[in-house]
Amino acid sequence: MTRWQIVALFCFVPLFAHGANNDCLSRKNAPDGVLDLQTVIELGLCRNPETMSAYYSMESARYNKNAGYAGYLPAVNGNANMTKGYQNHNWGPWEYGASISASYLIFDFGKRLADLNQLSSTWRAMGFDYDDRVQNYVYGVIGAYYALLNADADVESARSLRTVAQTALDTANKKYRAGVVARADVLKAETTLASRNLDLERAKNNREIAKGTLLTKLSFPADDEITIADMSGDFGSPRENRSIEELISVAREKRPDLLRAAANKDAAWHRRNSMFLKNLPSISATGTLSWNDNGNEYFYNDNSHMGGSIGIRASMPIFAGFANMYGVKSAQASYEGAAENLRNANDNAMLDVFTAYQNYKTAQTVLMQTETLLKSATESEHVTAGMYRVGRATMLDWQTAQSELVSAQKQNNAAKYDLFIRRAAVALAIGDIKSEIEKEE
């Protein structure tokens with residue numbers, strides 16, 4: 001990854017996290033109106049404390065990196081003193097002094113550069129860690145968003161199925177009053193209606209829980225209200241599929257944990273170099289300028305108060321109790337460990353991509369199967385209802401058809417929104433959740 005690609009990545013994430021309305025942090029309740037997924041995510045990122053904490057950690061690393069440039073600038077120190085000596089029961093005169101000293105590191109065999117590169121790599125790693133947290137949080141919001149849509153769909157399905165059960169009861173009552181069927185048909189229809197009422201209440205309860213989960217992820221009270229937009233019916237079609245090789249290629253370029261592991265490896269490499277270069281000489285230019293007044297009353301001109309010096313200083317550690325040697329060995333071990341972490345992260349990432357891709361393809365197949373099942377169950381219920389009205393089917397047959405319709409409706413709702421989540425999981429696995437959100441708009 002080039003420097004400009006890294007800069008572009010870092011520019012995207014903070015703006016994405018802070019891209020919501022300016023009043024998002026001060027809000028006590030969720031906004032009114034119908035919110036789409038993009039709006040919900042921006043609102044959540046603006047308010048989420050975990051991603052904000054990661055953002056400030058990245059900022060801290062950036063400032064540490066900027067501080068690393070100080071080694072290329074002169075160091076200037078100033079001192080001032082005022083003393084009064086005491087000897088042989090007598091106090092001497094006040095003595096005054098002031099000095100300013102400067103030093104500049106001329107040559108250190110590249111240790112400054114190694115230290116700066118280490119800080120830069122650490123900053124990049126923190127940036128990728130922030131990006132990783134943002135993407136995982138966004139994925140969690142997407143899951144909660146779809147769960148609420150699924151719960152809404154279940155409530156609507158439960159209402160429509162309750163209407164079917166009410167129709168069955170009304171039909172049974174008419175036929176019973178006409179003397180065509182026995183009282184048992186009415187009782188069976190009443191039982192079915194009671195069961196559908198119970199299903200509706202359960203669906204409403206599940207909807208409240210799903211709503212509370214989404215609101216909590218947005219840092220709003222769980223008992224607040226929020227209305228969200230449904231997704232397109234053409235969403236997640238097989239023509240959108242990409243090959244596993246293409247997905248893995250994208251993951252190698254964009255997945256934040258891989259980029260973070262690579263940046264940590266770079267930081268460990270520069271840290272090892274810095275520890276080795278610490279044992280080599282360094283050459284600095286120095287200079288001082290001082291002024292002193294010892295309080296004596298002897299006559300001399302003012303220039304005699306001034307002093308100063310310039311020079312070149314070379315320094316090299318000779319013996320530090322083997323600390324430098326062990327420091328180099330420790331840094332080397334850290335570098336090798338970071339390289340293994342990168343290899344492990346790469347293996348795990350490839351497995352994540354493969355697993356997410358397979359789950360997504362399976363979800364597509366399941367959705368098509370549940371659509372077929374729902375169409376069949378709906379048609380079966382309509383036919384059975386008509387047959388019951390003309391006396392060619394029993395109430396038990398109608399109840400069975402209604403139960404199959406209930407099951408098919410729930411499976412279809414679950415499969416539809418599970419497909420959305422599985423597709424988002426693929427985007428998360430390749431580290432490109434932003435493009436997934438743009439597709440969903």
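The structure displayed is predicted, hence computed values, not measured ones.

> Outline the overall build of the chain, supporting the account with residue identities and numerical values.
A tally of helices and strands in the chain yields ten helices and six strands. Roughly 24400 Å² of accessible area belongs to the chain as shown, and the carbon and sulfur atoms make up 55% of that amount.

> Explain the sheet that holds strand β3 (residues 90-107) residue by residue, including any values.
In a beta sheet, neighbouring strands pair by backbone hydrogen bonds and run either parallel or antiparallel. In spatial order, the strands read β2-β3-β5-β6; together these four strands make up an open sheet with antiparallel pairing. Across the chains shown, the open sheet's two edge strands, defined by having one partner strand only, are β2 (75-87) and β6 (306-315). Going from strand to strand, the sheet's axes swing by 20° on average, the running direction of each strand aside. Across ten bridges, strand β5 (residues 282-293) lies against β6 in antiparallel orientation. Residue pairing in the sheet places Ile283 in a bridge with Ala314 of β6.

> So, the pairing of β3: which residues are in play, and what are the values?
The pairing of β2 with β3 spans twelve bridges and is classified as antiparallel. Paired with Val76 across the two strands is Ala102, which belongs to β3. A loop of two residues connects β2 with β3, the two strands running antiparallel in sequence, and Asn88 in this loop sits at a positive phi of about 50°. As defined by bridge partners, β3 adjoins β5 across eleven bridges and the pair is classed as antiparallel.

> So what's going on with the environment of Thr286? Residues and values would help.
Tracing the backbone shows Thr286 in strand β5. In the structure, Thr286 is positioned 212 residues away from Pro74 in sequence and 9.6 Å away in space, judged by C-alpha atoms. Those residues in contact with Thr286, other than ones at most four positions away along the chain, are Ala102, Ser103, Ser309, Ile310, Gly311, Ile312 and Arg313.

> Quick one: what's the story with the packing of helix α4 (residues 111-177) against helix α9 (residues 395-430), residue by residue and with numbers?
Look at α4 against α9: their axes get within 10 Å of each other, and the N-to-C directions meet at 170°. One way to sum up the angle between α4 and α9 is to call them roughly antiparallel. Relative to α9, the crossing made by α4 is right-handed. Of the residues in the contact of α4 with α9, the class split is 22 nonpolar, ten polar and two charged.

> Can you explain the pattern of salt bridges? Please cite residues and give values.
All chains considered together, the criterion is met by 20 salt bridges. When salt bridges that share partners are traced, they join Asp152, Arg207, Glu208, Lys211 and Glu225 into one network.

> Explain the environment of Asp352 to me, using residue names and the numbers behind them.
Among the structural elements, Asp352 can be located in helix α8 (residues 323-389). Judged by its relative accessible area of 35%, Asp352 is partly exposed. What Asp352 contacts, discounting residues up to four positions off in sequence, is Arg255 and Ala429.

> Requested: an account of the side chain of Thr370, with residues and values cited.
Structurally, Thr370 can be placed in helix α8. Judged by its relative accessible area of 5%, Thr370 falls in the buried class. With residues up to four places along the chain from it excluded, the contact list for Thr370 reads Gln411, Asn412 and Ala415.

> Got a sec to walk through the environment of Pro281? Specific residues and values, please.
By the secondary structure assignment, Pro281 is in the loop between α7 (256-277) and β5. The spacing of Pro281 and Asp108 is 173 residues in sequence and 6.4 Å in space, taken between C-alpha atoms. With residues near it in sequence (within four places) discarded, Pro281 still touches Phe107, Asp108, Phe109, Ser315 and Met316.

> Please set out a nonpolar patch on the surface residue by residue, giving values where relevant.
A grouping of Val76, Met82, Trp94, Tyr96, Ile100, Leu289, Trp291 and Met306 is seen on the molecular surface, where their side chains present a nonpolar patch of about 770 Å² in accessible area. Of all the elements in the fold, those that place two or more residues in the nonpolar patch are β2, β3 and β5. When residues of the nonpolar patch are assigned to their parent elements, the largest contribution, three residues, is made by β3. Within the fold, Leu289 resides in strand β5.

> Got a sec to walk through the nonpolar core? Specific residues and values, please.
Formed by 41 residues in total, the largest nonpolar core has its most connected members in Tyr146, Leu214 and Ile226. The set of elements that each furnish at least two residues to this core consists of α2 (37-47), α3 (49-67), α4, α5 (183-217) and α9. A total of 14 residues in this core trace back to one element, the largest contributor, which is α4. Apart from residues no more than four positions distant in its own chain, Ile226 is found in contact with Ala30, Leu35, Leu148, Arg207, Lys211, Leu214, Leu215 and Leu218. Leu258, Ala349, Met350 and Leu367 belong to the second-largest nonpolar core, a separate cluster that totals 20 residues.

> So, α5: which residues are in play, and what are the values?
An α-helix turns once every 3.6 residues. As a result, residues three or four positions apart point the same way. Look at α5: 52 Å from first C-alpha to last across 35 residues, which is about the 51 Å you get at 1.5 Å a residue. At the exit of α5 stands Ser219, carrying a positive phi of roughly 65°.

> I'd like to hear about the side chain of Arg272, residue by residue, with values.
Residue position: Arg272 is located in helix α7. For Arg272, which is buried and forms no salt bridge, the nearest opposite charge comes from Glu336, at a distance of 6.8 Å. Here the side chain of Arg272 touches Gln332 through a polar contact of 3.1 Å, side chain to side chain. Not counting the four nearest positions on each side in its chain, Arg272 is found in contact with Ala331, Gln332 and Tyr335.

Basis of the calculations
Residues numbered from 1 in each chain as written. Predicted model: local features only at pLDDT ≥ 70, side-chain atom pairs only at ≥ 80, totals over all residues. Heavy atoms only, no water. Helix = DSSP H or I, 4+ residues; strand = E, 2+ residues; numbered from the N terminus. Areas by Shrake-Rupley, 256 points an atom, 1.4 Å probe, with all protein chains shown as cover. Pairing = 2+ DSSP bridges. Axes fitted to C-alpha atoms, helices over the stretch in contact; angles between N-to-C directions. Contact = heavy atoms within 4.5 Å. Parallel < 35°, antiparallel > 145°, perpendicular 65-115°, else oblique. Left-handed = near helix turned anticlockwise from the far one by under 90°. Nonpolar A, V, L, I, M, F, W, Y, C, P; charged D, E, K, R; others polar. Salt bridge = Lys/Arg side-chain N within 4 Å of Asp/Glu carboxyl O. Buried < 20%, exposed > 50% of the residue type's maximum accessible area, 1.4 Å probe, protein only. Patch = residues over 30% accessible without salt bridge, like charges linked within 9 Å, V, L, I, M, F, W, Y side chains within 5 Å. Core = buried A, V, L, I, M, F, W, Y, C linked by side-chain atoms within 4.5 Å. Expected span 1.5 Å × (residues − 1). Lys, Arg positive; Asp, Glu negative; His and termini not counted. Polar contact = N/O pair within 3.5 Å; in protein donor to acceptor, adjacent residues only side chain to side chain.

All quantities given are derived from atomic positions and should not be read as evidence of function.
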